[in-house]
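Here's the letter readout for the chains.
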Amino acid sequence: MNQKRQRPQTVTTRNATFQYWQTLLGNRTKRNRAGEMLVQGVRPITLALESAVDVRAVLVTRTSERSGWARNAITRAENAGAHTFDVAPELMRELGEKQDDPPELLLVIGIPLDDLARLPAPGDALLVALDRPSSPGNIGSSVRSVDAFGGHGVIVTGHAADPYDPKALRASTGSTLVTPIVRVPSASAVLSWVEQSRAAGAELQVVGTDEKGTRDVWDIDLTRPTLIVTGNEHSGMSTAWRDSCDVLARIPIGGHASSLNAANATSVLLYEAARQRAR
């Protein structure tokens, strides 16, 4: 339903409002305390406006000319109740992290709650748990693969990089905005959720990725409801996760590499799951 539109607020100096937007980009603690994030890029912005995310503000570069895409996006954001800010081009260039032309617009959206109940639990569940990932880029790439291969959600456990970091959002090419992501302090909370799901009738298997795994990935039945667990980039899975896996998957590789990185390993398992499920 359309809401009554407010007059756009003009921002031409590095005032408190601008400084707040800067913290959404660079300060993880303040970003999560505020429960808001900044969205950059045409594709992520388009996905945000087409999804059910909470769009709270639209930041527009002050200019006399706008593309049809920008005009439509602004209208959609305002119709969703977002407040409009007309921002000086040099400030938008900073917020868009651009060296040349400023972006036409940016969005401020709400960060979803970290609640495992947000994860869909269909009979063919395909979920990924990232154990203490240290790279925002790897998180974003993994989320992108979950979206691409028909996965249903991502769980980030332990002391980890922020999945709502701008680097993670860019690596996901916007998939972060349409894929349920839940951050959980430890593996134990997720494992309790797994047991509750099993008690409710979901035959959810936990499949870990490990270069010394006991079974090749194509020998594992991934048509079953599956939670894929990928460990930290440097130390692998924690003991709690490793001990709780029903099977450890091995990805046979050649060449001189000893293993794949976390995001690539996750993508391989997701692709194999999608291949099996398509048959």
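Small disclaimer: the values here were computed from a predicted structure and weren't measured. (Residues numbered from 1 in each chain as written. Predicted model: local features only at pLDDT ≥ 70, side-chain atom pairs only at ≥ 80, totals over all residues. Heavy atoms only, no water.)

Visitor: With reference to specific residues and values, describe the packing of aromatic side chains.
Guide: The full count for this structure, using the stated rule, is two aromatic pairs. On the basis of an interplanar angle of 85° and a centroid distance of 5.0 Å, the ring pair of Trp 21 and Phe 85 is categorised as edge-to-face. You can see Trp 21 sitting in helix H1 (residues 16–26) and its partner Phe 85 sitting in strand S4 (residues 83–87), a full 64 residues away along the chain. Given the relative accessible area of 10%, Phe 85 is considered buried. (Phe/Tyr/Trp six-rings, centres within 6.5 Å; stacked < 30°, edge-to-face > 60°. Helix = DSSP H or I, 4+ residues; strand = E, 2+ residues; numbered from the N terminus. Buried < 20%, exposed > 50% of the residue type's maximum accessible area, 1.4 Å probe, protein only.)

Visitor: Explain the side chain of Asp 131 to me, using residue names and the numbers behind them.
Guide: Along the chain, Asp 131 falls in strand S6 (residues 126–131). Since its relative accessible area comes to 3%, Asp 131 is described here as buried. In this structure the side chain of Asp 131 is engaged in a polar contact, spanning 2.7 Å, whose partner is the backbone nitrogen of Ser 238. (Polar contact = N/O pair within 3.5 Å; in protein donor to acceptor, adjacent residues only side chain to side chain.)

Visitor: Could you give an account of the UniProt feature "domain: SpoU L30e-like N-terminal" (unreviewed entry) in the protein chain, naming the residues involved and the relevant values?
Guide: Look at the UniProt record and you will see "domain: SpoU L30e-like N-terminal" (unreviewed entry) annotated at residues 15–106. With 50% helix and 20% strand, residues 15–106 has its two end C-alpha atoms placed 18 Å apart. (UniProt positions renumbered as here; feature names shortened; annotations may be inferred.)

Visitor: Explain the side chain of Asp 216 residue by residue, including any values.
Guide: Relative to the assigned elements, Asp 216 resides in strand S10 (residues 215–216). Here the side chain of Asp 216 touches Arg 250 through a polar contact of 2.7 Å, side chain to side chain. Apart from residues no more than four positions distant in its own chain, Asp 216 is found in contact with Arg 250 and Pro 252. (Contact = heavy atoms within 4.5 Å.)

Visitor: Run through the domain arrangement of the protein chain, naming residues and quoting values.
Guide: Taken as a whole, the protein chain is organised into domain 1 (9–110) and domain 2 (116–278). A C-alpha centroid distance of 31 Å is found between domain 1 and domain 2. Contact with domain 1, which involves 16 residues of that partner, is made by 14 residues of domain 2. For the pair domain 1 and domain 2, the summed buried area comes to about 1,200 Å², and 56% of that belongs to carbon and sulfur atoms. Joining domain 1 to domain 2, the criterion identifies two salt bridges. For Arg 170, the salt bridge identified is with Glu 97, shortest N-O distance 2.8 Å. In this assembly, domain 1 and domain 2 are joined by seven residue pairs in polar contact (both at pLDDT 80 or more). With four residues, the single largest contributor to the side of domain 1 that touches domain 2 is helix H3 (residues 42–50). Across the side of domain 1 that touches domain 2, the residue classes break down as nine nonpolar, three polar and four charged. (Domains from an automatic or database assignment. Buried area = accessible area lost by both parts, 1.4 Å probe. Salt bridge = Lys/Arg side-chain N within 4 Å of Asp/Glu carboxyl O. Nonpolar A, V, L, I, M, F, W, Y, C, P; charged D, E, K, R; others polar.)

Visitor: Go over H3 with me, naming the residues and quoting the values.
Guide: Where H3 is concerned, the buried positions are Pro 44, Ile 45, Leu 47, Ala 48 and Leu 49. Lining the buried residues of H3 we find strand S2 (36–39), strand S3 (55–61), helix H4 (68–79) and strand S5 (105–110).

Visitor: Talk me through the packing of helix H6 (residues 136–148) against helix H10 (residues 262–278); I want residue IDs and the actual numbers.
Guide: Contact geometry for H6 and H10: axes closest at 8 Å, N-to-C directions at 10°. It follows that H6 is roughly parallel to H10 by the angle criterion. When H6 is examined against H10, the residues Asn 138, Ser 141, Ser 142, Ser 145 and Val 146 are found in contact with a partner set consisting of Ala 262, Ala 263, Thr 266, Ser 267 and Leu 270. Across the contact of H6 with H10, the residue classes tally to four nonpolar, six polar and no charged. (Axes fitted to C-alpha atoms, helices over the stretch in contact; angles between N-to-C directions. Parallel < 35°, antiparallel > 145°, perpendicular 65-115°, else oblique.)

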